[in-house]
Amino acid sequence: MRKKLRIVLSGIGNRALPKKPESSNWLGWVELIRRSEDFQLVAAHDVSDLAIKRIIDRDYLRPEQTYKDLGRMLSETKPDALLVTNPPELHASAIRKALEYNLHLLVEKPFVKDLKEGRKLLDLIEQKGVVTAVVQNWRFKDVGRMLHDAIQNGMLGRVGHVFFRYIRNRENPTYPEYIFKEKLPLLYAMGIHHLDLFRYILKDEYKSVKGCSFKPPWTLYKSDTGINLFLKTKKGISVIYSGTISSTNKVLMQESLIIEGDKGTLVNEGQWLEPPLWFYPGGCKDGINLAEKIKNGSIPDQYNKSDEYILKDFYQAIVNKKEPLCTARDALESVAVLEASRLACETEDTVYLN
Ligand SMILES: NC(=O)c1ccc[n+]([C@@H]2O[C@H](COP(=O)([O-])OP(=O)(O)OC[C@H]3O[C@@H](n4cnc5c(N)ncnc54)[C@H](O)[C@@H]3O)[C@@H](O)[C@H]2O)c1
């Protein structure tokens, strides 16, 4: 049997090890690593005793394999890679620390919260030559890949515009406190998935963005929970992005995506980008479900499938010394779009991206 790479993680939260596995949308990184032929989880770091207790109680690690100090974990366990699953504002410091040990990095989205900090880290990552892969999993759900292929194979013809509407109830008082203090949480929690997906499927970059933000009186969040953006890409495609995380409805699908080209329209309505994916050729009344053959189309199946794919790709990138599916440089482009969108909402002016 070939030797597994030794991986450690920072942040034993919901994404790494779901607090309520029975209702979780994903198995979580800890379980996926346990099932993996490529990696072995050798230690985990968190600042919370409760989080550390969870990973021990569920028999994934022994107490001596858990740490409250990241530096100590890295120096004592000598891993090959670090998986960063702590809150977004802490990604940068964890990445910086791991680079001191020349570790390969798998980082949850968003790569970093702050663009300037991200640029500095990118220089360091590229100097060190370590693999840094970012979890932009919307790209690698079945519908994400199909959207990419349909557009890049010319099925839609020349793409003109993308309409995206997001309606979510994330007004959940049981969520961790820090979530309610985040700036423009829709943008940083979900916009990063959506705006990144559009860059990926269109193979295009944003040129400009204008927008505004808003919130309803019942929100638990400090910052605005809704945004309305109008983006233009370098190829001239218009992207209209409207959403809120303060919806009270439990009926409508969260995500509604319509992409139109001169040969037809692609439509996906789902919670987190699940099938079906409809193609309506121009002028036709009947649609074709491009995702008809997808067997595992449920919400958890789609999360687990894309996470497994990302983990496999991370391993291949390390052993074959190749670029991962989403590099730090690529992911930083999406962070730049978030920052430009935030600025556009704050100034209500057009912001141009370089
Ligand atoms: N790709 C996806 O679909 C997806 C979905 C949800 C969350 N995420 C991302 O995953 C990451 C974690 O999100 P989550 O939902 O698991 O959050 P969470 O709040 O459930 O967990 C975060 C964990 O980090 C710990 N933590 C806090 N400060 C720390 C520090 N200084 N060092 C180490 N750990 C610390 C907390 O104690 C907690 O256990 C975030 O980057 C988030 O954006 C990605």
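What counts and how
Residues numbered from 1 in each chain as written. Predicted model: local features only at pLDDT ≥ 70, side-chain atom pairs only at ≥ 80, totals over all residues. Helix = DSSP H or I, 4+ residues; strand = E, 2+ residues; numbered from the N terminus. Rg over C-alpha atoms; globule rule 2.2 N^0.38 Å. Buried ≥ 20, exposed ≤ 12 C-beta atoms within 10 Å, placed from the backbone. Contact = placed C-beta atoms within 7 Å. Expected span 1.5 Å × (residues − 1). Bend = angle between axes of the 7 residues up to and from the residue. Domains from an automatic or database assignment. Nonpolar A, V, L, I, M, F, W, Y, C, P; charged D, E, K, R; others polar.

Let's talk about the overall build of the protein chain
Secondary structure summary: the protein chain contains 9 helices and 15 strands in total. A globule of 354 residues ought to have a C-alpha radius of gyration of about 20 Å, and the protein chain, at 20 Å, matches this closely. Within the protein chain, the proportion of its 354 residues that are buried is 44%. For the protein chain, the share of sequence-separated contacts (at least 6 apart) that also reach a separation of at least 24 residues comes to 69%.

Remarks on helix α7 (residues 185–202)
Along an α-helix, residues three or four positions apart point the same way, because every turn accommodates 3.6 residues. Look at α7: 25 Å from first C-alpha to last across 18 residues, which is about the 26 Å you get at 1.5 Å a residue. Along its length, α7 shows its largest kink, about 60°, at Gly191. In terms of residue burial, α7 counts as a mostly covered element, since 16 of its 18 residues are buried. Note on α7: the residue one or two positions beyond its end, Lys203, has a positive phi of about 50°.

Concerning the environment of Ser246
The residue Ser246 is located in the loop between β10 (238–244) and β11 (255–261) in this model. Residue class for Ser246 comes out buried when judged on the 23 C-beta atoms lying within 10 Å of it. Expressed as a C-alpha distance, the spacing of Ser246 and Asn169, which sit 77 residues apart in the sequence, is 5.1 Å. Discounting residues that sit within four places of it in the chain, Ser246 has contacts with Glu171, Lys215, Pro216, Trp218, Thr219, Thr225 and Gly226.

Quick look at the domain arrangement of the protein chain
For the protein chain, the assigned domains read domain 1 (5–130) and domain 2 (142–294 + 335–352). One C-alpha centre belongs to domain 1, the other to domain 2, and the line joining them spans 28 Å. Across the contact, 9 residues belong to domain 1 and 9 residues belong to domain 2. Here the residues of the side of domain 1 that touches domain 2 are counted per class, giving 6 nonpolar, 2 polar and 1 charged.

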